[in-house]
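# An overview of the molecular structure
This is what each chain is made of:
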Amino acid sequence: MRYWLVVPAAGSGQSYGGDQPKQYAQLAGRTVLEWALAPFAADSRCVGRVLVTAPGDERWRALPGCAGGAILNVPGGIERVHSVCNALRAVAGCAGPQEWVLVHDAARPCLLRADLDRLLAAGAAHPVGALLAVALSDTLKRAGEGAEVDATVARGGLWRALTPQMFRLGMLTTALDAALAAGRVPTDESQALEWQGLRPLLVPGSAANLKITGAADLALAEAYLTRCDALP
Ligand code: C5P
């Protein structure tokens, strides 16, 4: 099995409190982006990497974790989905529609190698593709006016979608193009395929694979990266 990696890193989010986008925040001696790329650097199944950065952003070129093996660089778009579409166009210049593409957020620095392996095995055997996800464990509340509880939402069957998400290049491109043509903005790749009536496979992943949003996430990620042997 072989796949192309797409890493959207064109966001401008600085809500962790730093003075640059979160993919360039320092974390256990490297940037968040370098940690996000690390599990793929040593994976021979990964035949090419496409990094999507904000137009004019050249900071990634100086990072040691972005060296070693060619990286195609494409400019990002307004929303994450536009950034991913730009990357898929670059992949289409080198790969056929049946090739697998993994999309992994630059803001997720703690992907376990075992989770990547499990996703690839399950996804490659599925007709649509697959995504890492975590089943919800907290009790869910729907808020009403003034943040008072309106209702408790049954959590059975509810999952949090993570990345990587893996789909075939042709199917994914068709789904994202159709969503945008219909004026709909999917927040992940799976949603675009779901809108096509397709049913991607949920693959249980570790909650360690968190997305950096605020400062607390950086502290938690640092704890995972410095204490867990299974991380890259
Ligand atoms: O903002 P959020 O955390 O949901 O972004 C998820 C990922 O998508 C991040 O790695 C971010 O850099 C990327 N992104 C992008 N292009 C955008 C917005 C976000 O590549 N226009």
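Rules behind the numbers
Residues numbered from 1 in each chain as written. Predicted model: local features only at pLDDT ≥ 70, side-chain atom pairs only at ≥ 80, totals over all residues. Heavy atoms only, no water. Helix = DSSP H or I, 4+ residues; strand = E, 2+ residues; numbered from the N terminus. Expected span 1.5 Å × (residues − 1). Buried < 20%, exposed > 50% of the residue type's maximum accessible area, 1.4 Å probe, protein only. Contact = heavy atoms within 4.5 Å. Pairing = 2+ DSSP bridges. Axes fitted to C-alpha atoms, helices over the stretch in contact; angles between N-to-C directions. Salt bridge = Lys/Arg side-chain N within 4 Å of Asp/Glu carboxyl O. Core = buried A, V, L, I, M, F, W, Y, C linked by side-chain atoms within 4.5 Å. Near = heavy atom within 4 Å. Polar contact = N/O pair within 3.5 Å; in protein donor to acceptor, adjacent residues only side chain to side chain. Areas by Shrake-Rupley, 256 points an atom, 1.4 Å probe, with all protein chains shown as cover. Nonpolar A, V, L, I, M, F, W, Y, C, P; charged D, E, K, R; others polar.

### Points about helix 4 (residues 169–181)
Two residues of an α-helix separated by three or four positions point the same way, owing to the 3.6 residues in each turn. For helix 4, which comprises 13 residues, the first-to-last C-alpha distance of 18 Å matches the rise-based estimate of 18 Å (1.5 Å per residue) to within 8%. Those residues of helix 4 not exposed but buried are L169, G170, L172, A175, L176 and A179. Packed against the buried residues of helix 4 are helix 2 (80–92), strand 6 (100–103), strand 10 (159–168) and helix 5 (189–194). Of the residues one or two after helix 4, G183 is the one with positive phi, at around 75 degrees.

### Some points on the sheet that holds strand 7 (residues 129–135)
The seven strands lie next to each other as 5-4-1-6-10-7-11, forming an open sheet whose pairing is mixed. Looking along the sheet, the strands with just one partner apiece sit at the ends: strand 5 (71–75) and strand 11 (201–204). When strand polarity is set aside, the average angle formed by the axes of neighbouring strands in this sheet is 25 degrees. In this structure, strand 4 (residues 46–53) lies alongside strand 5, joined through five bridges in parallel fashion. Residue pairing across strands places V50 opposite L72, the latter belonging to strand 5. Along the sheet, helix 1 (residues 32–41) makes contact with strand 1 (3–9), strand 4, strand 5, strand 6 and strand 10, crossing strand 1 at roughly 175 degrees.

### Topic: the side chain of E189
Mapped onto the secondary structure, E189 falls in helix 5. Ignoring any residue separated from it by four or fewer positions in sequence, one finds E189 in contact with R80, V84, V103, Q165, F167 and L172.

### Some thoughts on the pattern of salt bridges
Per the stated rule, a full pass over the model turns up nine salt bridges. With a closest N to O distance of 2.7 Å, D117 and R45 form a salt bridge. With D117 in helix 3 (residues 113–124) and R45 in the loop between helix 1 and strand 4, this residue pair connects regions lying 72 residues apart in the sequence. Using a relative accessible area of 37% as the deciding quantity, one classes D117 as partly exposed. A salt bridge links R61 to E58, with the shortest nitrogen-to-oxygen separation between them at 2.4 Å. Take R61: its relative accessible area is 51%, and that puts it in the exposed class.

### Focus on the nonpolar core
Core analysis: the largest hydrophobic core is formed by 27 residues, its most contacted members being Y3, L5, L33, F40 and L102. When contributions to this core are tallied by element, the ones reaching two or more residues are strand 1, helix 1, strand 4, strand 6, helix 3, strand 7 and strand 10. If one sorts the elements of this core by residue count, strand 1 sits on top with four residues. For L102, the residues in contact, after removing those within four places along its chain, are Y3, W4, L5, V6, F40, L116, L119, L120, P164, Q165 and M166. V52, L88, V91 and L176 belong to the second largest nonpolar core, which has 24 residues in total.

### Quick word on the site of the ligand
Close contacts around the ligand come from 15 residues, with P8, K22, G77, S83 and K211 the closest. A distance of 3.2 Å is found between an oxygen atom of the ligand and a backbone nitrogen or oxygen belonging to A106. For the ligand, the accessible surface in isolation is 460 Å², of which the surrounding protein chains cover 81%. Secondary-structure elements contributing two or more residues to the shell around the ligand are strand 1 and helix 2. Across the shell around the ligand, the residue classes break down as six nonpolar, four polar and five charged.

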